[in-house]
Amino acid sequence: MGLGIQIPLNDSAIAVQEDSFEAVETKLSKTLDRLGNYYRANYLKPNPSKTNVSAFHLRNKQANRKLIVKWEDVELTHCSTPTYLGVTLDRALTYKTHCEKTSKKINTRNGLIRKLTGSAWGAQPHALRVSAMALCYSVGEYACPVWRSSTHAKKIDIALNTTCRLITGCLRNTPMDKVYLLVGIPPPSVRRLISSKIECGKQKRDTRYPMYGQNDPNSRLKSRKSFLKITEELTETPLLSRLNEWKKLITDTNGKRWLEPAERLPHGNNLDWPVWKTLNRLRVGVGRTKENMRKWGYGEQDITCICGQDQTTSHLLVCPRGPSPCTQEDLMLGNKKAVNTAIYWTKENI
């Protein structure tokens, strides 16, 4: 059983490990008495009202058991989900609450990114990407080596998926593997993995690291593995490592990738926002065509294009009413044919 107390002095904490709640309470009380003496000897005033006590254990039958600890004759508040250094902990260290809170923060900041995009106006794609990295990804990846293995990390992935769709202008039905390639950001799982490897290397090699030389504790559950056992050191640059891990997630089609992974926006990122949005929808093959709108329950039954043929996504590239026939290769290159096609269908709000 582990326990932590947060002391209102530079985010300090006291940790005690014992086999019973009673033993933990006794040891903590004695430690706090000594701490109180230290405070008074150095002309400091203890503040029990801002001090919380929490218990971390896997005893589900005693999940609601609260620790009774007094400091300066004041009973400390028991907090089931304390926040320490920006990370919200819980009894079983599942990080469920932390992931939920982080997801809400990202969605709030997605609202700011959404203000920079619209149906007819939007910021430059590069500005959107930089803003998203600073506002959303900085929050979504904070202390990720700690909670990376949590099953609740997917809640953060969902919020970051929305961030990437906002940058590219892609619709919700777009496969996320293509969205990440268009936005030039590796999937969240890849970025968290590389961040963990960087921290692993620091812990093993950097003597200045606070946890340098720490031995792995014995785990009584097979499902619980220490950080060092599930994480390897980084053997190449972070950029190259992210790209290599990213490539492993991409399924090749006939030995050729849809788009080569790169941490930058693809061709066409200098276009105005409406054209950039339409170009990306044509690239992924998911746009507001009459066929798709009927499929999603928003359009009419008639899917006939102005040229008389069925308005499918592939038809948009060769529609005789368009500027000129365009291929998928043209779209990926972002050449003149692709731009002219995107400009034409931007007016049609595809």
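In case you missed it, the structure is sitting above this.
One structure accompanies this document, and this report is about it. The structure displayed is predicted, hence computed values, not measured ones.

### Quick word on the pairing of strand 3 (residues 52-56)
(1) Moving on: Taking burial as the measure, the five residues of strand 3 include four buried ones, the bulk of the element.
(2) Moving on: Relative to strand 6 (residues 77-78), strand 3 is paired through two bridges, and the arrangement is parallel. Paired with Asn52 across the bridge in strand 6 is Thr77.

### Overview of the pattern of salt bridges
(1) Moving on: Within this structure, the stated rule accounts for 14 salt bridges.
(2) Moving on: Between Asp157 and Arg192 there is a salt bridge whose closest N-O contact spans 2.9 Å. Placement of the pair is Asp157 in helix 5 (residues 154-168) and Arg192 in helix 7 (residues 188-205), with a sequence separation of 35 residues.
(3) Moving on: On the accessibility criterion, Asp157 (17% relative accessible area) is buried.
(4) Moving on: The exposure class of Arg192 is buried, given its relative accessible area of 4%.
(5) Moving on: Three or more residues are tied together by salt bridges with common partners; here these are Glu22, Glu25 and Arg65.

### Section: empty space enclosed by the protein
(1) Moving on: If you walk through the whole model with that rule in mind, you get one cavity of 30 Å³ or more.
(2) Moving on: A volume near 30 Å³ is recorded for the largest cavity.
(3) Moving on: Considering the residues around the largest cavity, the lining is formed by Ser119, Pro274, Lys277, Thr278, Thr346, Asn349 and Ile350.
(4) Moving on: Ranked by residues supplied to the lining of the largest cavity, first place goes to helix 10 (residues 273-284) with three residues.
(5) Moving on: Of the residues in the lining of the largest cavity, the class split is two nonpolar, four polar and one charged.

### Considering the nonpolar core
(1) Moving on: In terms of nonpolar packing, the biggest core is built from 57 residues, with Ile106, Trp147, Leu331 and Trp345 touching the most fellow members.
(2) Moving on: Judged by nonpolar contacts, the second largest core, of 14 residues, contains Ile14, Val24, Leu32 and Val53.

### Looking at helix 9 (residues 238-249)
(1) Moving on: The terminal C-alpha atoms of helix 9, which comprises 12 residues, lie 17 Å apart, in line with the 16 Å expected from a rise of 1.5 Å per residue.
(2) Moving on: Taken as a whole, helix 9 has its buried residues at Ser241, Arg242, Leu243, Glu245 and Trp246.
(3) Moving on: Contact partners of the buried residues in helix 9: helix 6 (176-183) and helix 7.

### Brief notes about the environment of His267
(1) Moving on: Looking at where His267 falls in the secondary structure, it is placed in the loop between helix 9 and helix 10.
(2) Moving on: For His267 and Ile343, which are 76 residues apart along the polypeptide, the C-alpha to C-alpha distance reads 15 Å.

### Topic: the layout of surface pockets
(1) Moving on: Computed from the structure, the second largest pocket encloses a volume of approximately 550 Å³.
(2) Moving on: Contributing to the lining of the second largest pocket are 20 residues, with Cys170, Leu171, Arg172, Arg281 and Arg288 lying nearest its centre.
(3) Moving on: Elements that contribute at least two residues to the lining of the second largest pocket include exactly helix 5 and helix 10.
(4) Moving on: When its residues are assigned to classes, the lining of the second largest pocket shows seven nonpolar, seven polar and six charged.

### What to know about helix 14 (residues 336-347)
(1) Moving on: Between its first and last C-alpha, helix 14 extends 17 Å over 12 residues, near the 16 Å set by a 1.5 Å rise per residue.
(2) Moving on: Structurally, helix 14 contributes buried residues whose contacts are with helix 10, helix 12 (315-318) and helix 13 (328-333).
(3) Moving on: Its side-chain oxygen placed 3.3 Å from the backbone nitrogen of Lys337, Asn335 serves as the N-cap of helix 14.
(4) Moving on: With its phi angle positive at about 55 degrees, Asn349 sits one or two positions after the end of helix 14.

The rules behind these values
- Residues numbered from 1 in each chain as written.
- Predicted model: local features only at pLDDT ≥ 70, side-chain atom pairs only at ≥ 80, totals over all residues.
- Heavy atoms only, no water.
- Buried < 20%, exposed > 50% of the residue type's maximum accessible area, 1.4 Å probe, protein only.
- Helix = DSSP H or I, 4+ residues; strand = E, 2+ residues; numbered from the N terminus.
- Pairing = 2+ DSSP bridges.
- Salt bridge = Lys/Arg side-chain N within 4 Å of Asp/Glu carboxyl O.
- 1 Å grid on protein atoms, 1.4 Å probe; cavity = no way out; pocket = protein on both sides within 12 Å on 5 of 7 lines; lining within 4 Å.
- Points joined across faces, edges and corners; volume = space filled by probe spheres on them.
- Nonpolar A, V, L, I, M, F, W, Y, C, P; charged D, E, K, R; others polar.
- Core = buried A, V, L, I, M, F, W, Y, C linked by side-chain atoms within 4.5 Å.
- Expected span 1.5 Å × (residues − 1).
- Contact = heavy atoms within 4.5 Å.
- Polar contact = N/O pair within 3.5 Å; in protein donor to acceptor, adjacent residues only side chain to side chain.

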